[in-house]
Amino acid sequence: MVQHICVTLVPLFNYLSEDEQIKINRLAQHKKFKKNEIVFRPGDENLDIVALGSMKVFQLSTNGDEQLLRVIEPGGYEGENQLFGIKNESLFGKTLETTEICRLSKQAFDQVMLSNPQIALKLFELSAQKMIQVEKQAHILSMERVEQRLANYLLDLSKVANDYRFSLPMKMIDIARYIGTTPETLSRKFRFLEDNRLIKRSGRRIIILNGDGLIDL
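Residues numbered from 1 in each chain as written. Predicted model: local features only at pLDDT ≥ 70, side-chain atom pairs only at ≥ 80, totals over all residues. Heavy atoms only, no water.

**So, the layout of surface pockets**
And then number 1: Of the pockets and cavities examined, the second largest pocket occupies roughly 330 Å³.
And then number 2: For the second largest pocket, the lining is made up of 21 residues, of which Arg70, Glu78, Asn81, Gln82 and Leu91 are closest to its centre.
And then number 3: Mapped onto the lining of the second largest pocket, the elements with two or more residues apiece are β3 (46-52), α3 (80-83) and α5 (118-141).
And then number 4: Sorting elements by how many residues they give to the lining of the second largest pocket places α5 first, with 4 residues. (1 Å grid on protein atoms, 1.4 Å probe; cavity = no way out; pocket = protein on both sides within 12 Å on 5 of 7 lines; lining within 4 Å. Points joined across faces, edges and corners; volume = space filled by probe spheres on them. Helix = DSSP H or I, 4+ residues; strand = E, 2+ residues; numbered from the N terminus.)

Spelled out as structure tokens, the structure:
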């Protein structure tokens, strides 16, 4: 089971037969990264699947600061565009904790596609879902007030978890980058939401106490 955990986790492959999944697994490289290690950088041409742990995807601003785009958790992946010949000119992947990655090279992925052409359609479908997430972040960043951005971010996490109780997937500095503010301002806005009894926070654990109140900010 451990030998093909990557492909069983990934929606791109988990509908295939067990034999097909095992074949794909044999084509993959299995790598373990320590916290804060770079997994990929501009110019790389691999599909990197997170089996265990988590990885952030970011680009650098003109002044060299990280601009967080998304966090990839088990079952998620990055690099599908490069498999279709689109160059990665700006994206980096860095681990947020000890992380296990299954890596398919472009050549290996081409082999998979030859025997399973339906994967291309599945990949387009999943890429469209990823674009929706990019649009959500753009919507958050378009909001003038930081408390509005934070409230919408928390509401999105709640929807994903299907619960008003959930854990923050990132450190404060990364959440700040994601919603376009500083860690100091983010801390103040968290306190603002707590003081107004909109949320309750303990470390990374969040409980939304008043969802309508967050929407109305």
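Back to the write-up after that little detour.
**Here's the deal with the packing of helix α6 (residues 146-161) against helix α7 (residues 172-179)**
And then number 1: Running from N to C, α6 and α7 point in directions that differ by 110°, and their axes come no closer than 10 Å. In terms of orientation, α6 and α7 fall into the roughly perpendicular class. From α6, Val146, Arg149, Leu150 and Tyr153 reach across to α7, where they touch Ile175, Tyr178 and Ile179.
And then number 2: Of the residues in the contact of α6 with α7, the class split is 6 nonpolar, no polar and 1 charged. (Axes fitted to C-alpha atoms, helices over the stretch in contact; angles between N-to-C directions. Parallel < 35°, antiparallel > 145°, perpendicular 65-115°, else oblique. Contact = heavy atoms within 4.5 Å. Nonpolar A, V, L, I, M, F, W, Y, C, P; charged D, E, K, R; others polar.)

**Describing a positive patch on the surface**
And then number 1: Taken together, the side chains of Arg165, Arg197, Lys200 and Arg205 present a region of like positive charge at the surface.
And then number 2: Relative to the elements of secondary structure, Lys200 occurs in strand β10 (residues 199-202). (Patch = residues over 30% accessible without salt bridge, like charges linked within 9 Å, V, L, I, M, F, W, Y side chains within 5 Å. Areas by Shrake-Rupley, 256 points an atom, 1.4 Å probe, with all protein chains shown as cover. Salt bridge = Lys/Arg side-chain N within 4 Å of Asp/Glu carboxyl O. Lys, Arg positive; Asp, Glu negative; His and termini not counted. Charge placed at Lys NZ, Arg CZ, Asp CG, Glu CD.)

**Structural notes on the packing of aromatic side chains**
And then number 1: Taken as a whole and assessed by the stated rule, the structure comprises 2 aromatic pairs.
And then number 2: Look at Phe58 and Phe92: their rings are 5.4 Å apart centre to centre, the planes differ by 10°, and that puts the pair in the stacked class. In this pair, Phe58 sits in strand β4 (residues 55-60) while Phe92 sits in strand β7 (residues 92-95), placing the two residues 34 residues apart along the sequence. Take Phe58 and Phe92: they sit in the same class, and that class is buried.
And then number 3: Ring geometry for Tyr153 against Tyr178: centres 5.5 Å apart, planes inclined by 50°, an arrangement best described as tilted. Separated by 25 residues along the polypeptide, Tyr153 in helix α6 and Tyr178 in helix α7 bring together distant segments of the chain. Assigned by exposure class, Tyr153 and Tyr178 land together as buried.
And then number 4: The ring of Phe58 is capped by Lys56, whose NZ or CZ atom sits 5.8 Å from the centre of that ring. (Phe/Tyr/Trp six-rings, centres within 6.5 Å; stacked < 30°, edge-to-face > 60°. Buried < 20%, exposed > 50% of the residue type's maximum accessible area, 1.4 Å probe, protein only. Lys NZ or Arg CZ within 6 Å of the ring centre and 35° of its normal.)

**Brief notes about the UniProt feature "domain: HTH crp-type" (unreviewed entry) in the protein**
And then number 1: Here the UniProt feature "domain: HTH crp-type" (unreviewed entry) sits at residues 144-212.
And then number 2: As a span, residues 144-212 carries 57% helix and 16% strand, and end to end its C-alpha atoms are 19 Å apart. (UniProt positions renumbered as here; feature names shortened; annotations may be inferred.)

**Observations regarding the pairing of strand β5 (residues 66-72)**
And then number 1: Taking burial as the measure, the 7 residues of β5 include 5 buried ones, the bulk of the element.
And then number 2: Direction of pairing for β4 relative to β5: antiparallel, over a ladder of 6 bridges. Bridge pairing in β5 links Lys56 to Val71.
And then number 3: If you look at the hairpin formed by β4 and β5, you'll find 5 residues sitting between the two strands, and Gly64 has a positive phi there, around 90°. (Pairing = 2+ DSSP bridges.)

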